[in-house]
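For reference, the chains in residue letters:
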Amino acid sequence: MTMARELFDRVVHGVTNSRVWRSFFRHGLPDNDLDRSLTITSNVFLHLHPVRVRRSGLRLTYTWGLGGITFFLFLVLGVTGGLLMFYYVPSVERAYDDIVAIQSAIPFGGLIRNLHRWAAEGMVICAFLHLCRVFYTGAYKPPREFNWIVGIVAGLLTLAESYTGYLLPWDQLAYWAVTVGSEIAGYTPFLGAQLRTILLGGPVVGQPALIRFYNLHVFILPFTIVAVLGIHFWRIRKDGGISGPPPGEDKEQG
Ligand code: HEM
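Residues numbered from 1 in each chain as written. Predicted model: local features only at pLDDT ≥ 70, side-chain atom pairs only at ≥ 80, totals over all residues. Heavy atoms only, no water.

Draft legend 1. Inspection of the environment of A120 at higher detail. Considering the arrangement of structural elements, one finds A120 in helix 9 (residues 109-136). Along the sequence, A120 and I149 sit 29 residues apart, while their C-alpha atoms lie 22 Å from each other. (Helix = DSSP H or I, 4+ residues; strand = E, 2+ residues; numbered from the N terminus.)

Structural data, given as structure tokens:
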């Protein structure tokens with residue numbers, strides 16, 4: 001063994017046996033089933049995945065990866081949205097000009113904005129297709145009926161994100177879309193007027209509406225979606241991983 005190799009091994013040994021390292025990674029490389037299982041359950045990220053998965057659940061043509069793609073698009077939205085926030089100011093005097101500047105003057109602004117818009121459209125479409133897949137494979141049946149409801153909530157929050165984002169460019173399309181949308185909310189039985197006022201912060205679409213939509217769009221809704229998806233993913237694990245054909249048929253179809 002060369003000296004360099006010996007030194008390398010010593011450093012690795014020293015680091016992986018230090019108290020700091022072991023406070024992050026509680027197990028060494030697992031070489032038996034018990035240690036493998038402990039490694040998974042003591043790590044929050046690995047813990048989200050089930051320890052065992054059905055062979056059928058891994059088939060691309062079973063899930064089409066649609067839930068995963070929807071989640072990926074949500075992450076893209078988070079990153080691109082965070083970048084847009086460096087330039088966009090939610091004020092009726094500035095919002096429209098800021099969007100024009102992002103689109104035409106700021107380096108890569110057009111790219112980031114378009115990525116944000118395409119990912120938003122994609123997320124709505126993929127969430128809907130994911131819902132169709134879950135329905136078609138009967139994955140809403142017990143024990144997954146609660147996760148179906150959690151999914152519906154995640155889907156509705158996704159639509160709310162889409163709707164609140166629509167006002168932010170503060171152009172004619174945004175203004176009138178939200179005017180019409182809030183008029184519709186105003187026709188809700190019994191609570192219509194109050195609902196419209198809560199949404200707009202006043203009788204018409206103006207500065208209070210813009211700041212409300214902005215707050216919902218960049219803070220309240222995204223963080224609620226993160227929490228709801230946390231439950232969604234945890235539930236998949238607790239319900240025994242991705243659904244599949246009844247036991248016995250699994251082998252033939254795997
Ligand atoms: C809005 C964002 C959503 C995200 C990011 C998401 C993500 C996921 C992921 C990653 C999975 C694992 C399997 C797969 O990829 O298909 C999954 C499973 C599941 N999702 Fe969603 N989902 C969302 C919305 C929904 C909606 C709208 C519904 C239905 C109303 C739903 C119901 C379910 C159910 C029941 C499962 C378990 C399926 C099975 O075991 O086969 N989800 N979801």
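Draft legend 2. Quick look at unusual backbone geometry. Residue P143 follows P142 across a cis peptide bond; omega there is 5 degrees. With respect to the helices, strands and loops of the structure, P143 is situated in the loop between helix 9 and helix 10 (145-167). The phi dihedral of W64 falls on the positive side, at around 55 degrees, and the residue is not glycine. Along the chain, W64 turns up in the loop between helix 6 (60-63) and helix 7 (66-84). Since its relative accessible area comes to 47%, W64 is described here as partly exposed. (Buried < 20%, exposed > 50% of the residue type's maximum accessible area, 1.4 Å probe, protein only.)

Draft legend 3. Highlighting the coordination of the iron atom of the ligand. Looking at the iron atom of the ligand, the protein donor atoms are H130 (NE2) and H232 (NE2), and they sit 2.1 Å from it. The site at the iron atom of the ligand holds 6 donor atoms, and with the angles between them running 85 to 179 degrees, its shape is octahedral. Pair noted here: H130 is in helix 9 and H232 is in helix 13 (residues 207-238), with a separation of 102 residues, a long-range link. On the basis of relative accessibility, which here comes to 12%, the residue H232 falls in the buried class. (Donors = N, O, S within 2.8 Å, 3.2 Å for Na, K, Ca; no water. Tetrahedral: all angles 85-135°; square planar, octahedral: opposite > 155°, others 65-115°.)

Draft legend 4. Fine view of helix 13. Here helix 13 spans 45 Å end to end across 32 residues, near enough to the 46 Å set by a 1.5 Å rise per residue. Of all the bends in helix 13, the greatest measures close to 45 degrees and is centred on L216. With its phi angle positive at about 90 degrees, G240 sits one or two positions after the end of helix 13. (Expected span 1.5 Å × (residues − 1). Bend = angle between axes of the 7 residues up to and from the residue.)

Draft legend 5. Main features of the site of the ligand. Around the ligand, 23 residues are found, and the nearest of them are H130, R133, R144, H232 and S243. A distance of 3.2 Å separates an oxygen atom of the ligand from a polar backbone atom of G67. Here an oxygen atom of the ligand and a side-chain polar atom of R144 are 3.1 Å apart. Elements that contribute at least two residues to the shell around the ligand include exactly helix 7, helix 9, helix 10 and helix 13. Grouping the amino acids of the shell around the ligand by side-chain chemistry returns 12 nonpolar, 9 polar and 2 charged. (Near = heavy atom within 4 Å. Polar contact = N/O pair within 3.5 Å; in protein donor to acceptor, adjacent residues only side chain to side chain. Nonpolar A, V, L, I, M, F, W, Y, C, P; charged D, E, K, R; others polar.)

Draft legend 6. Layout of the environment of A101. Assignment of secondary structure puts A101 in helix 8 (residues 95-104). Judged by relative accessible area, which is 26%, A101 ranks as partly exposed. Residues A101 and G240, spaced 139 residues apart in sequence, show a C-alpha to C-alpha distance of 49 Å.

Draft legend 7. Quick look at the nonpolar core. Grouped together as the largest cluster of nonpolar side chains are 18 residues, with contacts concentrated most on Y88, L167, V205 and L210. Put simply, the parts of the chain that give this core at least two residues each are helix 8, helix 11 (172-186) and helix 13. A per-element tally of this core places helix 13 first, with 4 residues. With 14 residues, the next largest nonpolar core counts V76, M123, L221 and L229 among its residues. (Core = buried A, V, L, I, M, F, W, Y, C linked by side-chain atoms within 4.5 Å.)

Draft legend 8. A look at the pattern of salt bridges. Applying the stated rule across the entire model yields 5 salt bridges. R36 is the partner of D33 in a salt bridge, and the nearest nitrogen-oxygen pair spans 2.9 Å. Of the two residues, D33 and R36 both sit in helix 3 (residues 33-41), 3 residues apart, roughly one turn of that helix. Looking at D33, the relative accessible area reads 61%, which means it is exposed. For E183, the salt bridge identified is with R196, shortest N-O distance 3.2 Å. Here E183 is found in helix 11, whereas its partner R196 is found in helix 12 (residues 192-200), with 13 residues between them in sequence. You can call E183 partly exposed: its relative accessible area is 38%. The exposure class assigned to R196 is buried, which follows from its relative accessible area of 17%. (Salt bridge = Lys/Arg side-chain N within 4 Å of Asp/Glu carboxyl O.)

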